[in-house]
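Spelled out, the chains give:
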Amino acid sequence: MTSKIVRYVILIAMGILWLLPIYLLLANAGKLTSEYSGSNLWAPGNFPALVSNIVDVFTTTDVPSGLFITLIYAVVAPFIAVLLGAAVGYAVIALKLKHGFFWFFVIFCGTVFPLQLMVIPLFAAYSEVGLFDTAVGMILIYSVVCLPFSAFVMRNFFAGIAESVFEAAVVDGAKPWRIFTQIYLPMSRSALVVVFILQATWVWNDFLLALILTQSSETRPVMPLLQALQSVQGGGSAFTVLLTAALLVSIPTALLFGLSQKYFQRGLALGQY
């Protein structure tokens, strides 16, 4: 009984510590610029002030355009990476590709080197081929960066599917492409959703690649725009607008996790077949 009480006390304390920054964000985003000061950080805000700050974010900053283009990046690039990763896992496990583990290792090596080591070569290459500050270039690099993890997870998932599933489909006359699209992909729906969620969250929160490879507000994701807003308004009277923008930027990923929780829980049990 004592250990149970201690466990609950520790969990509650950790939960409070985790939620305190969120409370501060909400409380101060709900204040007018005239109400904000360092002496009343912990005082709760109000809904009319929050609405006023939201209007300011959408009318006086580039955050809305950043949200739109980031949404495109966070949907298209992970979708491409997940499909390619599933194809890699399928080729290695089900089709038993010759030297399959070697090719899988080559792809997985993309996660070995820190991303910071590649930004200068990427910038130089993108500038040479005309992909710098383009939506196509950002989707391409995000897809490439997300591919190794996608291939790793999907390979492990397909390894848990019995070989008899593939053999039975071949006996029935199904071609490899049909087996992949109509059997393996539907069976791995939960795993695909989990990988997509994790990669979409990473793309949404990316700052480094977005800062180095984009320049204009039409192609620049929301995180560099948020940082630029901080540099302009962070020390001035519009700090509440910055906090409201940060709140708006955080909502989509929270909704993504909340709405897909069922698939996320199922997908954690990889290889259930």
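*Asks:* Break down the packing of aromatic side chains for me, with residues and values.
*Replies:* Inspection of the entire model under this criterion finds 10 aromatic pairs. Centroid distance Tyr90 to Phe166: 6.4 Å. Interplanar angle 65 degrees. Geometry classified as edge-to-face. Taken together, the residues Tyr90 in helix H3 (residues 63-93) and Phe166 in helix H7 (residues 163-171) connect sequence positions 76 residues apart. Each member of the pair, Tyr90 as well as Phe166, carries the same accessibility label: buried. Ring geometry for Phe158 and Tyr184: centres 5.3 Å apart, planes at 70 degrees, overall edge-to-face. You can see Phe158 sitting in helix H6 (residues 135-159) and its partner Tyr184 sitting in helix H8 (residues 176-187), a full 26 residues away along the chain. Classification of Phe158 as buried rests on a relative accessible area of 0%. By relative accessible area, Tyr184 is classed as buried at 2%.

*Asks:* I'd love a proper account of the nonpolar core, names of residues and values included.
*Replies:* Ranked by internal contacts, the top residues of the largest apolar core, which has 38 residues, are Val63, Tyr73, Tyr142, Leu209, Leu213 and Val249. Ranked by the residues each element gives to this core, the list is headed by helix H12 (residues 239-259), at eight residues. Look past the residues within four positions of Tyr73 in its chain and what remains in contact with it is Pro78, Thr134, Ala135, Met138, Ile139, Tyr142, Val203, Thr219 and Pro221. Tyr90, Val92, Ile161 and Ala174 belong to the second largest nonpolar core, which has 25 residues in total.

Cut-offs and rules
Residues numbered from 1 in each chain as written. Predicted model: local features only at pLDDT ≥ 70, side-chain atom pairs only at ≥ 80, totals over all residues. Heavy atoms only, no water. Phe/Tyr/Trp six-rings, centres within 6.5 Å; stacked < 30°, edge-to-face > 60°. Helix = DSSP H or I, 4+ residues; strand = E, 2+ residues; numbered from the N terminus. Buried < 20%, exposed > 50% of the residue type's maximum accessible area, 1.4 Å probe, protein only. Core = buried A, V, L, I, M, F, W, Y, C linked by side-chain atoms within 4.5 Å. Contact = heavy atoms within 4.5 Å.

These figures come from the coordinates and say nothing about function on their own.
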